[in-house]
Amino acid sequence: MPLVTSKEMFKKAYEGQYAIGAFNVNNMEIIQGIVEAAKEEQAPLILQVSAGARKYANHTYLMKLVEAALEDSGLPICLHLDHGEDFEICKACVDGGFSSVMIDGSKLPFEENIALTKKVVEYAHARGVVVEGELGRLAGVEDAVKVSAKDATYTDPDQAVEFVQRTGVDSLAIAIGTSHGAYKFKGEPSLDFDRLETITRLLPNFPLVLHGASTVLPEFVAKCNEFGGEIQGAQGVPEEMLLSAGRLGVCKINIDTDLRLAMTASVREHLAKHPGDFDPRQYLKPAREAIKNMVKHKISNVLNCSNRL
């Protein structure tokens, strides 16, 4: 079964008022846990790869792992480049078999962002690949993406309309208060739903994307800390807020930090309780299961996309 694009996925998600999980991957166990969860839940799935993941695992290895997931699961899977920083990396992923790419020109002035995004769109569309753009800047840290709180900017609704019309992007990542990493809020969590509703009204039937949308599940933070970790003050986006966003035009919700925390918490617990174990399979097997269970929870209770194939 070949990779699919997110186009039909997003159309169904918009009409059904749910969101599709875009899960970051970089090794076999993470891919297996996510795919097993999606298969059991009969959910559409986007696997996404950052520039850092490509450097860590190698493009070819990742492609073969995803090919194995397609063959083993029979699921419709979209493979997406997360935070492509320039035309060259987007081109490499289009040429290298990805079915979707993101060009992140959000750090550039508006006109330069449009020009870069349009260039990627023209190249990708000619080869049957869809494109996600970004307007507005999220604070936080994810791989090579580092934005301070003072440099974060919310998406301007009128600019969003102009950006979509002039670039031809297939989806748009917006900034309404989420952020990358495990430390998303210092005080009470808050998303600008008024801004989201305005953008949705001005761009009817157009799929929007939320980055930095991990919940930073407290049980994983607590487990990491219990077994030797130092993750103090971590706070994510409340799940009810993500569920609401899925009803307001957000068709893709990115999840990375929760995967890292689930895996790390499981590995820490296993090694603390079984200090004699040194075979990686002994601690990666329960870590894979932890990822699977967490993703099943997200699909069913947060994304609302179970049984949507």
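This report concerns the structure included in the present document. Given the structure is predicted, the values throughout are model-derived calculations rather than measurements.

Right, let's get into the overall build of the protein chain. When helices and strands are tallied, the protein chain shows 12 helices and 10 strands. Against the 2.2 N^0.38 benchmark of 19 Å for 309 residues, the protein chain shows a C-alpha radius of gyration of 18 Å, consistent with a compact globule. In terms of overall dimensions, the protein chain has a C-alpha envelope of 60 × 45 × 35 Å along the principal axes. The buried share of the protein chain, taken over its 309 residues, is 57%. In the structure as shown, the protein chain presents an accessible area of about 13400 Å², 51% of it carried by carbon and sulfur atoms. Averaging the locations of the 33 positively and 42 negatively charged side chains of the protein chain gives two centres separated by 2 Å.

Tallied over the full model, the rule gives 2 aromatic pairs. Taking 6.5 Å as the distance between ring centres and 45° as the angle between the ring planes, the aromatic pair formed by F110 and F163 counts as tilted. Taken together, the residues span a long stretch of sequence, with F110 in helix 6 (residues 110–125) and F163 in helix 7 (residues 157–167) at a distance of 53 residues. By the burial criterion, F110 is buried, and F163 matches it. Just above the ring of F87 sits the side chain of K119; from NZ or CZ to the centre is 4.4 Å. The ring of Y123 is capped by R127, whose NZ or CZ atom sits 3.6 Å from the centre of that ring.

Right, let's get into the environment of G96. Counting through the fold element by element, G96 comes out in the loop between helix 5 (87–95) and strand 4 (100–103). Taking the C-alpha atoms as reference points, G96 and M63, 33 residues apart in sequence, are found 8.4 Å from one another.

Okay, the pattern of salt bridges next. Counting across every chain of the model gives 17 salt bridges. With a shortest N-O distance of 2.6 Å, K292 and E40 are connected by a salt bridge. Taken together, the residues K292 in helix 12 (residues 280–302) and E40 in helix 2 (residues 28–41) connect sequence positions 252 residues apart. Assessed through its relative accessible area of 11%, K292 is described here as buried. According to the relative accessible area criterion, E40 is partly exposed, its value standing at 43%.

Here we take up the sheet that holds strand 2 (residues 45–50). Judged by pairing direction, the barrel is parallel, and its 8 strands sit side by side in the order 1-2-3-4-5-8-9-10 before closing back on the first. Averaged over neighbouring strand pairs, the angle between their axes works out to 25° when direction is ignored.

A separate point is unusual backbone geometry. Positive phi values are uncommon outside glycine, yet H83 reaches one of about 55°. Within the fold, H83 resides in strand 3 (residues 77–84). The backbone of N307 sits at a positive phi, close to 55°, despite the residue not being glycine. We classify N307 as exposed; its relative accessible area is 62%.

Let us look at a negative patch on the surface. On the surface, E36, E71, D72 and E289 cluster together to form a negatively charged patch. Within the secondary structure layout, D72 lies in helix 4 (residues 59–73).

Right, let's get into the pairing of strand 4. Where burial is concerned, the two faces of strand 4 agree: the one with S100 and M102 and the one with V101 and I103 are both buried. Note that strand 3 and strand 4 share 3 bridges and pair parallel. Directly across from H80, in strand 4, lies its bridge partner S100. As paired strands, strand 4 and strand 5 (residues 130–135) are joined by 3 bridges and run parallel to one another. Residue pairing for strand 5: V101 is matched across the bridge by V131. Handedness of the crossover joining strand 4 and strand 5 through helix 6: right-handed.

A few words on the side chain of S106. Here S106 shows up in the loop between strand 4 and helix 6. Residue classification places S106 among the buried residues on the basis of a relative accessible area of 14%. Separated by 2.6 Å, the side chains of S106 and D104 make a polar contact. Apart from the residues lying within four places of it in its own chain, the contact partners of S106 are N113, E134, G136 and R137.

About the criteria used
- Residues numbered from 1 in each chain as written.
- Predicted model: local features only at pLDDT ≥ 70, side-chain atom pairs only at ≥ 80, totals over all residues.
- Heavy atoms only, no water.
- Helix = DSSP H or I, 4+ residues; strand = E, 2+ residues; numbered from the N terminus.
- Rg over C-alpha atoms; globule rule 2.2 N^0.38 Å.
- Buried < 20%, exposed > 50% of the residue type's maximum accessible area, 1.4 Å probe, protein only.
- Areas by Shrake-Rupley, 256 points an atom, 1.4 Å probe, with all protein chains shown as cover.
- Lys, Arg positive; Asp, Glu negative; His and termini not counted.
- Charge placed at Lys NZ, Arg CZ, Asp CG, Glu CD.
- Phe/Tyr/Trp six-rings, centres within 6.5 Å; stacked < 30°, edge-to-face > 60°.
- Lys NZ or Arg CZ within 6 Å of the ring centre and 35° of its normal.
- Salt bridge = Lys/Arg side-chain N within 4 Å of Asp/Glu carboxyl O.
- Pairing = 2+ DSSP bridges.
- Axes fitted to C-alpha atoms, helices over the stretch in contact; angles between N-to-C directions.
- Patch = residues over 30% accessible without salt bridge, like charges linked within 9 Å, V, L, I, M, F, W, Y side chains within 5 Å.
- Right-handed = clockwise from strand over helix to strand, strands pointing away.
- Polar contact = N/O pair within 3.5 Å; in protein donor to acceptor, adjacent residues only side chain to side chain.
- Contact = heavy atoms within 4.5 Å.

Honestly, that's just the spatial picture; any functional story needs more than this.
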